[in-house]
Amino acid sequence: QAMTTIYCRKLARVLLGAVMAWTIVAAGIASAQPMPVVELVVGNNFGHLPMFVGVEKGLFKKHGVDVKLKVVNTGTEMVGAMQKSEVQAGDMSVTTFLKARHAGDPFRVVGIIMSDATRSNADEPLAIVARKDSGIRPGNIGDLKGKKVALAKAQTSDEYLKMVLARGNLKYGVDVEIVDIGNVSQTQLATLLKEGKVDATVCWEPFNTIVLEQAAGSYEVIRGGGYLSYIMVVTVHEPMLKASPEVVRNFVAGLAAASQYTRKNRGEAVEIIAKWVPGMDLGVGKKAIQHISFDPRVSQPVMKAFEAAEDDVLQNTVKGAPRLNVPEQFATQALTEVEKAYPQYFSDLPPLPAGR
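Computed from a predicted model, the values in this text were never measured in an experiment.

**A short note on the sheet that holds strand β10 (residues 232-237)**
With respect to topology, five strands assemble into an open sheet ordered β2-β1-β3-β10-β4, the strand pairing being mixed. Edge strands, defined here as strands with exactly one partner in the open sheet, are β2 (66-72) and β4 (107-114). For this sheet, the mean inter-axis angle between neighbouring strands, taken without regard to orientation, is 30 degrees.

**Considering the environment of Leu349**
Structurally, Leu349 is set in the segment after α14 (333-341). Among the residues examined, Leu349 registers a relative accessible area of 13% and is labelled buried. When the C-alpha atoms of Leu349 and Arg263 are compared, they prove to be 9.4 Å apart, with 86 residues separating the residues in sequence.

**With respect to the pattern of salt bridges**
Taken as a whole and judged by the stated rule, the model has 21 salt bridges. For the salt bridge of Asp158 with Lys162, the shortest nitrogen-to-oxygen distance reads 4.0 Å. You can see Asp158 and its partner Lys162 sitting in helix α6 (residues 156-167), four residues apart, about one turn around the helix. Bridged by salt links that share partners, the residues Asp116, Arg119 and Glu124 form one connected network.

**What to know about the pairing of strand β1 (residues 37-43)**
β1 sits mainly inside the fold: five of its seven residues count as buried. In terms of strand pairing, β1 meets β2 through seven bridges, oriented parallel. From the neighbouring strand, Val37 faces β2, where its bridge partner is Asp66. In the sheet, β1 pairs with strand β3 (residues 89-93) via two bridges, with the strands oriented parallel. Paired with Leu40 across the strands is Ala89, a residue of β3.

About the cut-offs
- Residues numbered from 1 in each chain as written.
- Predicted model: local features only at pLDDT ≥ 70, side-chain atom pairs only at ≥ 80, totals over all residues.
- Heavy atoms only, no water.
- Pairing = 2+ DSSP bridges.
- Helix = DSSP H or I, 4+ residues; strand = E, 2+ residues; numbered from the N terminus.
- Axes fitted to C-alpha atoms, helices over the stretch in contact; angles between N-to-C directions.
- Buried < 20%, exposed > 50% of the residue type's maximum accessible area, 1.4 Å probe, protein only.
- Salt bridge = Lys/Arg side-chain N within 4 Å of Asp/Glu carboxyl O.

Shape is all these values report; function is a separate question.
Here you go:
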C-alpha cells in the first residue's frame, strides 16, 4: 500500500508537470497568433487625424488590432479604395458616404472621427478664403458673383459652397465660375490664389490655414457659418460586420482612445500627422487644428446632421433618388459596447443634449 501511495504521488507530479508544460506551450501558441490587420484608407487632412495618432501611439494595437493606413487626397479616392476592396475600412465625410450608399456601395458607419456631437451644424473646418484685392468683402457672399472660385468638385467643400451660394441667392456655376482642381493635393489651392488665377478658394483644414499663410494678404470671407455639419465617419464593408464583429469592436475601441489622445494632445497630434503628410508646416498645423472637434459619439444632433446632409445630397447630387433611411446607415453596436467598457475615453467630452 505504501508503494502504491508513493507511485500515485509520483504520477500526480508527472501529470501536473505535463499540464503546466502544455499550459505554457498553449500560451505560447496563443501569443504567436497574428494580430488581426485592418487596412484603412484615410485622407491627408486633419479630419482623419485620430487615425494617424492611433497608429503611431499604438492605441489600436493596445486593443488587439493592427491598423495599416493608405493615405489619399480626396473622398473619391477613399470610396474607390473601398469599392476595389483594397482596404477593409475607410474614412470619409458624411456627404461622400451618403453618395456612395446611393450608388449601392455596401458600407456602414461604425464610428465617428471628426464631429461635435452636441451640435448638428458644426462646420468650422470649412472656409472660403479670398485673395488680396479680389473685391470680395469679409462676410459678404454676394461679392462672390462673377468671381472664380477654386475647389475639388464632388467633395465636402463643393457641397458647402453650394449651400453658401444658395443662401446668398447665387447660382452655382452660373453666378460663380468654378475651377475644379480634381484629385490633386489641396495645397494646389494656395498656388492658384497666390498666382491670381482665382479670386477665392474653398476647402477644409489644414488647407484653409495653408492658403492663409502662403497667399500674402489673403483672408477669410467666411469660416463655417452653420451651413452643414462637417462630420467624418469611419466605415466598413457589411460582410466584415458579420464575419468579424470582435475585430470591429476592438477597432472602434482603438479609435475612441485615439480620439481622446488627440483632443488632449493637439500639438503632438499635428507632429504625428506631419510624419505622414510631406511638407506640412507644424506652425500652420497647430493653428489649423484649433478649428476641429474630435467627438466619436453618435447623438441626436449627429443624426439630425445626417438627415440634413441627405437632404442636400438629394437636392444637389442624386435628384429623384429614393431617400435613405439614415439610422439604417449606422452599425452602432460596437460603439455602444465601447462606451460601456471604456467610459474613461469619453470622460472629457461635454454632456450630450437630453435624450442622447
